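# Fold and contact review
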Amino acid sequence: MDLLALADFNLVARHGGFGKAARAAGRPKATLSRRVAELESGLNLRLFERGGRTLKLTQEGRALYERTGALLTELDETAAAIASGGDKPRGRLRISAPLLFSQTAMGRLAAGFALRHPQVRLEVTTEDRPVDMIEEGFDLVIRVNPNPDESLVGRIFLRDRMVVVASPDLKRPKGQFTVPAIVRGTADEAVAWDVRRPGGTSRIAVDPVLRLSSLVMVRDAARAGVGAARLPVSLVSHDLAAGRLVRWGDVAGPDIALWTLYPSRRLLSARVSAFLDYLKEAFPKGTPDELAAYIEG
């Protein structure tokens, strides 16, 4: 297999078109098109579906891209490290992170990492939706309790737990009384929350009087006394200590786990390895208290 043709195929697949790849690499579009056609002919496979204005990977093309992209990147990084006489991380590192973690911790993490590794160009995108790492060009994804994905590997680097909190002025209901509640988003249709306390689990009937798209906004509204809220303990621990909020109990159910996900444990790039090590250094125990201290630090 022609390694240069394979590299050109990966370039086109990564940029989603011959024109974009040609502009990014500063090479003639016709040359890239010819090299990819030669690769397809040599493999006797069609790697792209070519439309009038669209270019999409075929199933075989996607499989080839997923299996060879990391290998070519590793070869490039190895060659660059040898040429420079070292193995320092370098190049672009694209990360997708969830909204709350980005709002509370990612800015400081990104700044510290950039100062330590100035040859890495870090790009962080904030979103809670599932992303296609290969299709969208991410090197690392941070997600909360992600669904299993056989194409990805990863590790838990932080744990948190949800608690029910409210302003001290809002009394915890007894019996079947309903309490006003602040919820995140429009999809939360819960009419009751199961809460764990030392004496066991109890149920609190709730009436969602306010719906907000960010947990930071939910916390601020809870501080103002609008209603009770379910929030990560790391986000409210200092409010609880200061008496701005009181804790009604832990939300029944599994704890929160923050994962780092990447396509392959083998051939892990120096950039990704460096960021994983930096996360481990920032959160050596991975506890909610560590995250709370980091947020307030």
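To keep things clear, this report deals only with the structure shown in the data block. (Residues numbered from 1 in each chain as written. Predicted model: local features only at pLDDT ≥ 70, side-chain atom pairs only at ≥ 80, totals over all residues. Heavy atoms only, no water.)

### Here we look at a nonpolar patch on the surface
A contiguous nonpolar surface patch, about 260 Å² in accessible area, is contributed by Leu-3, Leu-71 and Leu-75. Structurally, the position occupied by Leu-75 is in helix H4 (residues 59-84). (Patch = residues over 30% accessible without salt bridge, like charges linked within 9 Å, V, L, I, M, F, W, Y side chains within 5 Å. Areas by Shrake-Rupley, 256 points an atom, 1.4 Å probe, with all protein chains shown as cover. Salt bridge = Lys/Arg side-chain N within 4 Å of Asp/Glu carboxyl O. Helix = DSSP H or I, 4+ residues; strand = E, 2+ residues; numbered from the N terminus.)

### Thoughts on helix H8 (residues 233-242)
Every buried residue of H8 is accounted for by Val-233, Ser-234, Leu-235, Val-236 and Asp-239. At the C-terminal side of H8, Gly-243 shows a positive phi close to 85°. (Buried < 20%, exposed > 50% of the residue type's maximum accessible area, 1.4 Å probe, protein only.)

### Regarding the layout of surface pockets
By volume, the second largest pocket amounts to about 1000 Å³. Pro-98, Arg-143, Val-144, Asn-145 and Ile-256 are the residues nearest the centre of the second largest pocket, which is lined by 44 residues in total. Residue composition of the lining of the second largest pocket, grouped by class: 30 nonpolar, six polar and eight charged. (1 Å grid on protein atoms, 1.4 Å probe; cavity = no way out; pocket = protein on both sides within 12 Å on 5 of 7 lines; lining within 4 Å. Points joined across faces, edges and corners; volume = space filled by probe spheres on them. Nonpolar A, V, L, I, M, F, W, Y, C, P; charged D, E, K, R; others polar.)

### Remarks on the side chain of Thr-68
Secondary-structure assignment places Thr-68 in helix H4. Among the polar contacts listed, one links the side chain of Thr-68 to the side chain of Asn-10, at a separation of 3.1 Å. (Polar contact = N/O pair within 3.5 Å; in protein donor to acceptor, adjacent residues only side chain to side chain.)

Structural measurements only, silent on function.
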